[in-house]
Amino acid sequence: MRNLFSEEQQWVSISDIMAGLMIIFMFIAVAYILEAQKTTKVVDDIAKTLKISKDSLQFVLTQVVEEHDRLKNRQDSVAKIMGNYRNMHKEVYHLLRDKLGDDLDEWGALLDSTTLTISFQEQKAKFYPSEATMLPDFKAVLNEFIEKYISLLVDGGYWKEIKEVRIEGHAYKSNEPFLTILKGSQDRARVILNKVRTHPTYKALPDSIKGELDFKMTTTGMGYTRMIDMNGRFVHNSNEAPCPACSRRVTFSVVTTNEEVVMKLNNLFNDE
């Protein structure tokens, strides 16, 4: 008798729970019906105001919802593509910073997180005046830098994502003609490139990687067109006085596959 009584109590408890759930579901159903009725009334009122049929209005609303969903999906895709690009860019920066951080200070170099540019702009001269011949101290710095830099680029895990390794020579505005200063900065950039290509680390690379590096490495002389101020900002943007020692600099920049990002975005918009 005691077991039967317990079983009856258990079934009563379950019945109470089921009844409670039914009431909850009933309230949800009523709320849904009321909301649907409100929506129907709103649609009817709008249709009357616009003097169009209810079916026409519902068709327009359907198109609006579909367009909203399409734009939302496109927005999500753009966010994903740009997020992947930013993450990869950030990872390359952290690789350079973590592996070269202490050495950069010793070499008198700075790493820009936005452009992935390493700039040798210490107060010490790097070349003999009006020449494209490196001073011994700067040559020694480059020997250390090139060894680590090439190894990081090739073996750091992002070699395929690197589109270009750009070497630039920069100058300070003087009384010499523009073309003379421009040629001087170009000559110095080419000397740096030759230093890379004759370095033991470069020579030890497999021919296939060496060929890829040859293709990706570019040099250019900027003359005094991109002088910087004491804070490292372009004078063109800051309107501050140029810093002579800072402006006379050599830079190494990693350019990642931004064209691939543009292509993906272009395909995304064209497909839709």
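Residues numbered from 1 in each chain as written. Predicted model: local features only at pLDDT ≥ 70, side-chain atom pairs only at ≥ 80, totals over all residues. Heavy atoms only, no water.

Caption draft 1: Molecular detail of the overall build of the protein. Check the secondary structure of the protein and you find nine helices and five strands. Listed N to C, the secondary structure of the protein is α-α-β-β-α-β-α-α-α-β-α-α-β-α in terms of helices and strands. For the protein, the share of sequence-separated contacts (at least 6 apart) that also reach a separation of at least 24 residues comes to 67%. (Helix = DSSP H or I, 4+ residues; strand = E, 2+ residues; numbered from the N terminus. Contact = heavy atoms within 4.5 Å.)

Caption draft 2: Highlighting the nonpolar core. Counting residues in each nonpolar core, the largest one holds 41 residues, and the members touching the most others are L100, I118, F120, F145, Y149, I192 and F252. Of all the secondary structure elements, the ones that give two or more residues to this core are α2 (54-107), β1 (109-112), β2 (117-120), α3 (136-155), β3 (162-170), α4 (178-197), α6 (207-216) and β5 (250-256). For this core, the leading source of residues is α3, giving ten residues. Dropping the residues within four chain positions of it, I192 is found in contact with F127, M134, F138, L142, I167, V250 and F252. (Core = buried A, V, L, I, M, F, W, Y, C linked by side-chain atoms within 4.5 Å. Buried < 20%, exposed > 50% of the residue type's maximum accessible area, 1.4 Å probe, protein only.)

Caption draft 3: Expanded view of the sheet that holds β2. One open sheet accounts for five strands, arranged β1-β2-β5-β3-β4; its pairing is mixed. A strand with exactly one partner marks an edge of an open sheet, and here the two such strands are β1 and β4 (217-223). The average angle at which neighbouring strand axes cross in this sheet is 20°, direction not considered. Where β2 meets β5, four bridges bridge the pair, whose relative direction is antiparallel. What sits directly across from F120, in β5, is V250. Set on the sheet, α3 makes contact with β2, β3 and β5; between it and β5 the angle comes to about 5°. Along the sheet, α4 contacts β3, β4 and β5; its crossing angle with β4, the most-contacted strand, is approximately 155°. (Pairing = 2+ DSSP bridges. Axes fitted to C-alpha atoms, helices over the stretch in contact; angles between N-to-C directions.)

Caption draft 4: Just α3, in detail. Relative to the 28 Å expected for 20 residues at 1.5 Å per residue, α3 spans 29 Å between its end C-alpha atoms, a close match to the ideal helical length. When we look at burial in α3, the residues that qualify are F138, V141, L142, F145, I146, Y149, I150, L152, L153 and V154. In the stretch just after α3, G157 is the one whose phi turns positive, near 100°. (Expected span 1.5 Å × (residues − 1).)

Caption draft 5: Fine view of unusual backbone geometry. Residue L116 is not a glycine yet carries a positive backbone phi of 55°. By the secondary structure assignment, L116 is in the loop between β1 and β2. Among the residues examined, L116 registers a relative accessible area of 0% and is labelled buried.

Caption draft 6: Highlighting the pattern of salt bridges. Tallying each qualifying case throughout the model produces ten salt bridges. The closest approach of N and O atoms between D103 and K148, which form a salt bridge, is 2.5 Å. A residue pair is termed long-range when its members are at least 10 positions apart, and D103 in helix α2 and K148 in helix α3 qualify at 45 residues. When its relative accessible area of 15% is taken as the criterion, D103 is described as buried. A residue is classified by how much of its surface remains accessible, and K148, at 36% relative accessible area, is partly exposed. R233 is the salt-bridge partner of D229, the closest N and O atoms lying 3.4 Å from each other. We classify D229 as buried; its relative accessible area is 2%. Three or more residues are tied together by salt bridges with common partners; here these are K163, E164 and R166. (Salt bridge = Lys/Arg side-chain N within 4 Å of Asp/Glu carboxyl O.)

Caption draft 7: Local environment of the confidence of the model for the protein. Taken over all residues, the pLDDT of the protein has a mean of 79, while the share at 70 or more is 64%. Within the model, the stretch residues 1-12 combines pLDDT values under 50 with zero contacts to residues more than four positions away or in other chains. (pLDDT = per-residue confidence, 0-100.)

Caption draft 8: Representation of the pairing of β5 within the structure. With respect to burial, β5 is a largely interior element, seven of its seven residues being buried. Residues of β5 alternate between two faces, with V250, F252, V254 and T256 on one and T251, S253 and V255 on the opposite face, all of them buried. As paired strands, β3 and β5 are joined by seven bridges and run antiparallel to one another. Directly across from E168, in β5, lies its bridge partner T251.

Caption draft 9: Structural detail: the side chain of E164. Along the chain, E164 falls in strand β3. A polar side-chain atom of E164 sits 2.4 Å from a polar atom in the side chain of T218. (Polar contact = N/O pair within 3.5 Å; in protein donor to acceptor, adjacent residues only side chain to side chain.)

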